[in-house]
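Survey of secondary and tertiary structure
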Amino acid sequence: MHYVVLGAGPAGVVAAETLRTADRAGTITLVGGEPEPPYSRMAIPYFLTGKIPAEGTHLRKAPGYYDTLGIGFRQGTAEGLDTDAKRIAFADGSHLHYDRLLIATGARPVRPPIAGLERKAVHHCWTLEDARNIVTLAEPGSHVVLMGAGFIGCIVLEALAMRGVNLTVVEMGDRMVPRMMNPTAGTMIRKWCETKGVRVLTSTRIKSLQSVAAEKSRGIFGFLRRKEAPRDSDTIDVELDTGEMLAAHLVVVCAGVKPNTDFLEGSGIRTDGGILVDRYMRTSANDVYAAGDVARGYDFSTKGHDVHAIQPTASEHGRIAALNMAGHNVQYNGSLQMNVLDTLGLISSSFGLWDGVEGGEAVEVVDHDAYRYLCLQFKDDVLVGGTAIGMTQHIGCLRGLIQAGTRLGPWKERLRRDPMRIMDAYVAHSQMA
Amino acid sequence: MQRSLNIDPGKCTGCRQCEMACSYENEKVFNPSKSRIRVFTFDAEARFVPYTCTQCAEAWCMRACPVDAIRINLGTGAKEIHNDVCVGCKVCTIACPFGTVNYNADTGKVMKCDLCEGDPACAKACPTAAITYVDANWTGLDKMRMWAAKTDSAMTAN
């Protein structure tokens, strides 16, 4: 049996490991799309700040790890898939036959249709290669413009600010992290970032990127459109829809990601904003499975299917797909939306249906001065979602309560009076019941 | 034979010596907020409940770690944070459905119970044997295990 795992991120690596445990004799080939050992994108910000070397991002650290497990690792970018012949075509012209295939090709950054985005000194922050480019340009004091303050943008924001650059963030939405944080929380994060010296522009779009050399031809009016004079090192002028011009040495684009499914065109595998999989991680084609950020897996909180682009979900997907590929019969119970973010020391997290449900009830406690916030979303007496800022103790209990569907009974009323007792409610139900 | 922390809330008097012992053993300070075991107080019921990681088989924290910083100690079975590898991303703190992995802003790393390499300071400090370190098959763990099973929703074997 030849198992091929396309994609060497967390989902692919966990799948390859699980396949090895579940089938000692099978042949396993793990294919990475980048000229790097399998690594974690999540660790890139810590590479940017110098907290870890590039090797610190590697998913597994032991030398010869994949060889020892009998996992063949090769590099290749898939260009086509023939599910009848069970053959993958790669960009270098080579082919690979599989008996069972896992597609764990993840996602790639979106490049919005903005003039000038192809310029030098404009980078995504997605691969280790991107990070190396950013490191050379993000010198202390240099002007850096970050496009997008979504989850990834905010993680990059922290890393850039810690490098001591002069940072401006431009976000189209009306608040920071709009898909993870409600208005109260998103606004609180913004205020915090501003007190830390980051300029945050929300409800603002970048119109174009131009050469800063054009400055001289704009005369006095060009000067009036600036809040800050360009530095000699600045090469790009960022034009905002407010009319303002921002000179920059580096522009980092974090405008969202999309799943890597282009190579599936013509394969017959059904996609819709991600590969459609059932609860056994099977795609619409025989012997082809999908996992991680490329897959629309089961979401137990909505009972629908969605892409949950986070490490824990990728790892669970990979494990369950691999068990099924190896002939076990295990159903995925589903993931829930959740995330945790550190913006310059302010820690925020959200879980499940943090925006609430119809007919549900929200309770919240907010302390603007202390930058603390907790919002709990209920359906009847069951927690279905939550948002927290400034809380780092026992925060996983929100996941536990949502996932177990715990009926809180009299604790619902206690939490209505004091949401901060959420961990008490959890302990009471798990240890005293 | 692997052993586990067995917690009997009925015997806990709320003295919090376990928190002090844990904090001192692991962080070299007497600070309950740095303890990996926490005593919860329920005034209305006049009850105290010590609570920490059960070293669950699911190992949600370990599986969620992007940099392989959480590993199993083969001697004790504990899932241990390797501080030299941890980048402080905090994903394990939201992945653990038991709420037993916490972020320590002072170190920029996460922390959880590691069973003190097989000699847990909390159990030694407990004057009433509410916390004991016993054979892992001890039936007193059933309640925690049952809860763990209820929360274990990654998959269902058919």
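Quick caveat, the model's predicted, so the values are computed rather than measured. Along every chain, residues carry numbers that run from 1 in the direction the sequence is written. Chain letters and ligand numbers both follow the written order, the letters beginning at A and the numbers at 1. With pLDDT at 70 or above as the cut-off, local features in this predicted model cover only qualifying residues; side-chain atom pairs require 80 or more to be listed or tallied, and sums for whole chains, interfaces and linings still use all residues. Computation of side-chain values: all heavy atoms of the structure, hydrogens and water removed.

A short note on the overall build of chain B
Applied cut-off: The way it works is that DSSP assigns letters per residue, a run of H or I at least four long becomes a helix, a run of E at least two long becomes a strand, and they are numbered from the N terminus. Relative accessibility under 20% of the residue-type maximum defines a buried residue, over 50% an exposed one, and the middle range a partly exposed one, all with a 1.4 Å probe and only protein chains included. Note on contacts: a residue pair qualifies if any of its non-hydrogen atoms lie within 4.5 Å across the two residues.
Of the regular secondary structure elements, chain B holds 5 helices and 9 strands. In sequence order, the secondary structure elements of chain B are arranged as β-α-β-β-α-β-β-α-β-β-α-β-α-β. Across the 158 residues of chain B, 58% fall into the buried class. For chain B, contacts bridging at least 24 residues in sequence account for 56% of all contacts bridging at least 6.

Considering the side chain of His308(A)
All names here are of chain A. The condition is simple: By the criterion applied in these results, polar contacts are pairs of N or O atoms within 3.5 Å in which, for protein atoms, one can donate a hydrogen and the other can accept it, and in which residues neighboring in sequence qualify only through two side-chain atoms.
Residue position: His 308 is located in the loop between strand E21 (304-306) and helix H8 (311-325). Only 3.0 Å separates the side chain of His 308 from the side chain of Asp 299, close enough to count as a polar contact. A polar contact of 2.8 Å, which involves the side chain of His 308, links it to the side chain of Ser 335. Discounting residues that sit within four places of it in the chain, His 308 has contacts with Asp 293, Asp 299, Thr 313, Ser 335, Leu 336 and Gln 337.

Let's talk about the interface of chain B and chain A
Applied cut-off: Buried area is calculated as the accessible area (1.4 Å probe) missing from two parts once they are joined, with the contributions of both summed. Should a side-chain nitrogen of Lys or Arg be within 4 Å of a carboxyl oxygen of Asp or Glu, the pair is scored as a salt bridge.
Each partner contributes to the interface: chain B provides 44 residues, whereas chain A provides 57 residues. Of the roughly 4400 Å² buried between chain B and chain A, counting both surfaces, carbon and sulfur atoms make up 58%. Applying the counting criterion to the chain B and chain A interface returns 2 salt bridges. The shortest N-O distance in the salt bridge between Asp342(A) and Lys90(B) comes to 2.9 Å. On inspection of chain B and its partner chain A, the count reaches 14 residue pairs in polar contact (both at pLDDT 80 or more). Only strand E2 (38-42), strand E3 (47-51), helix H2 (60-64), helix H3 (91-95), strand E6 (102-104), helix H5 (142-151) and strand E9 (155-157) of chain B provide two or more residues apiece to the side of chain B that touches chain A.

Looking at the sheet that holds E21(A)
Residue and element names in this part refer to chain A. Test applied: In short, DSSP must find at least two bridges between two strands for them to pair.
The strand order E18-E20-E21 describes an open sheet built from 3 strands, whose pairing is mixed. A strand with exactly one partner marks an edge of an open sheet, and here the two such strands are strand E18 (275-276) and E21. Pairing of strand E20 (residues 295-299) with E21 involves 3 bridges; the strand directions are antiparallel. Counted as the bridge partner of Tyr 298 is His 305 from E21.

Some thoughts on the pairing of strand E11 (residues 166-170) of chain A
Residue and element names in this part refer to chain A. Note the following rule: Viewed with both strands pointing away, a crossover whose connecting path from the first strand over the helix to the second turns clockwise is right-handed.
Judged by how many residues are buried, E11 sits mostly within the fold: 4 of 5 residues are covered. Bridging between strand E10 (residues 143-147) and E11 involves 5 bridges; their strand directions are parallel. Among the inter-strand pairings, His 143 is bridged to a residue of E11, identified as Asn 166. In the classification by handedness, the crossover that spans E10, the intervening helix H5 (residues 151-162) and the parallel E11 is right-handed.

So, the nonpolar core
All names here are of chain A. Quick note on the threshold: We call a set of buried residues a nonpolar core when its members are Ala, Val, Leu, Ile, Met, Phe, Trp, Tyr or Cys and they connect through side-chain atoms within 4.5 Å of each other.
In terms of nonpolar packing, the biggest core is built from 119 residues, with Val 238 and Val 252 touching the most fellow members. Among the elements that line this core, the one with the most residues is helix H11 (residues 422-431), at 6 residues. Look past the residues within four positions of Val 238 in its chain and what remains in contact with it is Val 145, Ile 206, Ser 208, Leu 209, Glu 244, Met 245, Leu 246, Ala 248 and Val 251. Core analysis: the next-biggest nonpolar cluster, separate from the first, contains 47 residues, Leu 6, Leu 264, Ile 269 and Ile 275 among them.

Brief notes about the environment of Asn333(A)
Residues and elements named next belong to chain A. Here Asn 333 shows up in the loop between strand E22 (330-332) and strand E23 (338-343). Since its relative accessible area comes to 17%, Asn 333 is described here as buried. Considering only alpha carbons, one finds Asn 333 and Ile 320, 13 residues apart in sequence, at a separation of 9.9 Å.

Re the pattern of salt bridges
For the structure shown, the criterion picks out 29 salt bridges over all chains. With a shortest N-O distance of 2.9 Å, Glu194(A) and Arg190(A) are connected by a salt bridge. Of this pair, Glu194(A) and Arg190(A) both sit in helix H6 (residues 183-195), separated by 4 residues, roughly a single helical turn. Between Arg63(B) and Glu58(B) there is a salt bridge, and its shortest N-O distance comes to 3.6 Å. The structure contains a network of salt bridges with shared partners spanning Glu361(A), Lys412(A), Glu413(A), Arg416(A) and Arg417(A).

Topic: the domain arrangement of chain A
Residue and element names in this part refer to chain A. Operational definition: Residue ranges for the domains originate in an automatic or database domain assignment.
Assigned domains of chain A: these are domain 1 (2-108 + 257-325), domain 2 (122-253) and domain 3 (345-431). Each of domain 1 and domain 2 was reduced to a C-alpha centroid, and the two centroids are 33 Å apart. Contacts between the two partners involve 14 residues from domain 1 and, on the opposite side, 14 residues from domain 2. Summing both partners gives a buried area of about 1300 Å² for domain 1 against domain 2, and 76% of it is carried by carbon and sulfur. The interface formed by domain 1 and domain 2 holds 1 salt bridge in total. Here Glu 36 makes a salt bridge to Arg 132, at a shortest N to O gap of 3.0 Å. Taken together, domain 1 and domain 2 are joined by 5 residue pairs in polar contact (both at pLDDT 80 or more). Taken together, the elements giving at least two residues each to the side of domain 1 that touches domain 2 come down to helix H2 (44-48) and strand E8 (107-109).

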